[in-house]
Amino acid sequence: MAQTMIDVLAAVAVRQPQAPYSHYEGRTTTYGELWQQVRQVGAGLLAIQPQPGTRVVYLGKNTDRLMAIIFGAAAVRQTCVVLNWRLALPEWVDILKDSGAHTLFVDADFLSQVPALRTRLPQITRVIAIDSVDVDDHAAIDFDRWVDRKSTRLNSSHGYIS
């Protein structure tokens with residue numbers, strides 16, 4: 001049987017949950033922690049938009065949270081579109097329009113761009129801010145609080161996670 005990256009990640013998380021997956025800005029994430037975040041992101045995405053094939057967008061530089069978002073989306077048969085942060089606002093708008101995404105994950109460096117994006121893209125109904133302290137100023141949800149509120153219990157009818 002063919003294995004997906006989700007299957008491989010789950011297997012490693014079960015075999016070696018305490019093994020470090022990443023070190024990022026003083027934060028160490030183990031495979032077990034990543035797997036929990038993946039399931040929580042997947043549950044959160046299903047609560048927002050349960051249809052397979054839904055797209056979510058990430059705007060920011062590389063971060064340890066990005067992999068939880070990419071794998072979380074894939075785990076529930078959704079797709080994470082990663083915007084190139086070096087592009088200009090009009091280019092982001094074109095890509096976002098084409099993607100059909102309703103949810104935008106954005107890191108702190110780009111949170112100030114959210115009002116301009118929302119003005120041009122009313123389809124963006126949810127903004128989830130990563131590593132940001134001023135989420136209230138931009139009507140965004142804090143990623144860590146959003147993830148912590150989500151269940152890790154998903155079954156095969158939701159996606160790949162069981």
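Preceding this section is the structure that the text describes.
Residues numbered from 1 in each chain as written. Predicted model: local features only at pLDDT ≥ 70, side-chain atom pairs only at ≥ 80, totals over all residues. Heavy atoms only, no water.

Visitor: Help me out: how do you make sense of the pattern of salt bridges in this one?
Guide: Pairing is possible between side chains that carry opposite charge, provided their charged atoms lie close to one another. Taken as a whole, this structure holds four salt bridges when the rule is applied. Where Asp64 meets Arg27, a salt bridge forms, and the shortest distance between an N and an O atom there is 2.8 Å. Note that Asp64 is positioned in helix H3 (residues 64-75) and Arg27 in strand S2 (residues 27-30), a separation of 37 residues in sequence. Residue class for Asp64 comes out buried when judged on its relative accessible area of 7%. Looking at Arg27, the relative accessible area reads 25%, which means it is partly exposed. The salt bridge partner of Arg145 is Asp142, with a shortest N-O separation of 3.8 Å. A relative accessible area of 12% places Asp142 in the buried class. Where salt bridges share partners, they join Arg27, Asp64, Arg65 and Asp144 into one cluster. (Salt bridge = Lys/Arg side-chain N within 4 Å of Asp/Glu carboxyl O. Helix = DSSP H or I, 4+ residues; strand = E, 2+ residues; numbered from the N terminus. Buried < 20%, exposed > 50% of the residue type's maximum accessible area, 1.4 Å probe, protein only.)

Visitor: Before we go on, may I ask you to explain the pairing of strand S5 (residues 103-107) in this structure?
Guide: On a regular strand, each side chain points to the face opposite its neighbour's, so the side chains alternate between the two faces of the sheet. The buried fraction of S5 amounts to five of the five residues, a majority that puts the element mostly inside the structure. Where strand S3 (residues 55-59) meets S5, four bridges bridge the pair, whose relative direction is parallel. The partner of Tyr58 across the bridge, within S5, is Phe105. Relative to strand S6 (residues 126-130), S5 runs parallel, the two being bridged by five bridges. Residue pairing in the sheet places Leu104 in a bridge with Val127 of S6. In terms of handedness, the path from S5 via helix H5 (residues 114-120) over to S6 forms a crossover that is right-handed. (Pairing = 2+ DSSP bridges. Right-handed = clockwise from strand over helix to strand, strands pointing away.)

Visitor: Looking at this structure, I do not really get the nonpolar core. What am I missing?
Guide: Most often, soluble globular proteins keep nonpolar side chains buried together rather than apart. The biggest cluster of nonpolar side chains holds 24 residues, and the ones touching the most others in it are Phe105, Phe143 and Trp146. Among the elements of the structure, helix H1 (5-15), helix H2 (31-48), S3, H3, S6 and helix H6 (143-148) are those that each provide at least two residues to this core. Ranked by the residues each element gives to this core, the list is headed by H3, at six residues. Look past the residues within four positions of Phe143 in its chain and what remains in contact with it is Val41, Arg65, Ile69, Phe105, Ile128, Ala129 and Ile130. Counting residues in each nonpolar core, the second largest holds 20 residues, with Trp92, Leu104, Leu121 and Ala129 among its members. (Core = buried A, V, L, I, M, F, W, Y, C linked by side-chain atoms within 4.5 Å. Contact = heavy atoms within 4.5 Å.)

Visitor: Honestly, the packing of H1 against H2 in this entry has me stumped. Any pointers?
Guide: Any two packed helices are characterised by how steeply their axes cross, that is the angle between the axes, and by the distance between the axes. Running from N to C, H1 and H2 point in directions that differ by 135 degrees, and their axes come no closer than 8 Å. Between H1 and H2, the angle falls in the class oblique. Judged by the twist between their axes, the crossing of H1 over H2 is left-handed. Across the interface between the two elements, Ile6, Leu9, Ala10, Val12 and Ala13 of H1 pack against Tyr31, Gly32, Leu34, Trp35 and Val38 of H2. Of the residues in the contact of H1 with H2, the class split is nine nonpolar, one polar and no charged. (Axes fitted to C-alpha atoms, helices over the stretch in contact; angles between N-to-C directions. Parallel < 35°, antiparallel > 145°, perpendicular 65-115°, else oblique. Left-handed = near helix turned anticlockwise from the far one by under 90°. Nonpolar A, V, L, I, M, F, W, Y, C, P; charged D, E, K, R; others polar.)

Visitor: Where do I start with unusual backbone geometry in this structure?
Guide: Trans peptide bonds make up most of the peptide bonds, and negative phi angles are found at most residues other than glycine. Of note in this structure, Glu25 is not a glycine but carries a positive phi near 45 degrees. Looking at the secondary structure, you find Glu25 in the loop between strand S1 (20-24) and S2. A positive phi angle, close to 60 degrees, is found at Arg77, a residue other than glycine. By the secondary structure assignment, Arg77 is in the loop between H3 and strand S4 (79-83). Taking the relative accessible area as the measure of exposure, Arg77 reaches 40% and is therefore partly exposed.

Keep in mind these values describe shape, not function.
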